[in-house]
Amino acid sequence: MSNLLTAEAMIAAYNAQNADAYVEFMTDDACEANYRGAVVREGKEGTRAGLKAMFAQFPENHVTIVERRALGSYVVLTERVSRGTPADGSEIPAPFDVIAVYSFEGDKCSRVEFIR
């Protein structure tokens, strides 16, 4: 599977709110981070736990891929994120765009950095 197809499969798992399937595309020490900043989810297990918590908070969370590009061991997706109604019934957050840079080691994603 190409890196682009893998990143798209990660988004499909994310949209299904299936953290277990999402992290299967990642290396064991993968992480998610702010671009050139702090790591927000550390390792495969930290990513799994973080996503499960977010999915519980935002059960209608959904990403639409707006643009996609693959270059070597990188995939860049422009994503539109809609959180939907929070589980606690609080105000619905406004949708937002993010650029996500997926770095690959072989056929597994080793890092996702978000530019927002």
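Attention here is on the structure that accompanies the text.

Cut-offs and rules
Residues numbered from 1 in each chain as written. Predicted model: local features only at pLDDT ≥ 70, side-chain atom pairs only at ≥ 80, totals over all residues. Heavy atoms only, no water. Pairing = 2+ DSSP bridges. Helix = DSSP H or I, 4+ residues; strand = E, 2+ residues; numbered from the N terminus. Buried < 20%, exposed > 50% of the residue type's maximum accessible area, 1.4 Å probe, protein only. Contact = heavy atoms within 4.5 Å. Core = buried A, V, L, I, M, F, W, Y, C linked by side-chain atoms within 4.5 Å. Axes fitted to C-alpha atoms, helices over the stretch in contact; angles between N-to-C directions.

What follows covers the pairing of strand β4 (residues 74-82). Across nine bridges, the pairing between strand β3 (residues 62-71) and β4 is antiparallel. Considered in β4, the bridge of Ile 65 is made with Glu 79. Between the antiparallel neighbours β3 and β4 lie two residues, among them Gly 72 with a positive phi of about 60 degrees. Relative to strand β5 (residues 96-105), β4 runs antiparallel, the two being bridged by eight bridges. Counterpart to Tyr 74 in the pairing with β5 is Ser 103.

All right, on to the environment of Gln 17 then. Along the polypeptide, Gln 17 turns up in the loop between α1 (3-15) and α2 (19-23). Using a relative accessible area of 23% as the deciding quantity, one classes Gln 17 as partly exposed. A C-alpha to C-alpha distance of 19 Å links Gln 17 and Asp 97, two positions 80 residues apart in sequence. Other than its neighbours up to four places away in sequence, Gln 17 contacts Phe 55, Phe 58, Pro 59, Glu 60 and Asn 61.

Judged by nonpolar contacts, the single largest core of 27 residues is most densely connected at Tyr 22, Tyr 102 and Val 112. Setting aside anything within four residues of it in sequence, one finds Tyr 102 in contact with Ala 7, Met 10, Ile 11, Ser 73, Tyr 74, Val 75, Leu 77, Glu 79, Cys 109, Arg 111 and Val 112.

Glancing now at the sheet that holds β4. Reading across the sheet, the six strands line up as β2-β1-β6-β5-β4-β3 and stay open at both edges, with mixed pairing between neighbours. One side of each edge strand has no neighbouring strand; the edge strands of this open sheet are β2 (39-42) and β3. Between one strand axis and the next, the sheet turns by 20 degrees as a mean value, whatever way the strands run. In this structure, strand β1 (residues 26-34) lies alongside β2, joined through three bridges in antiparallel fashion.

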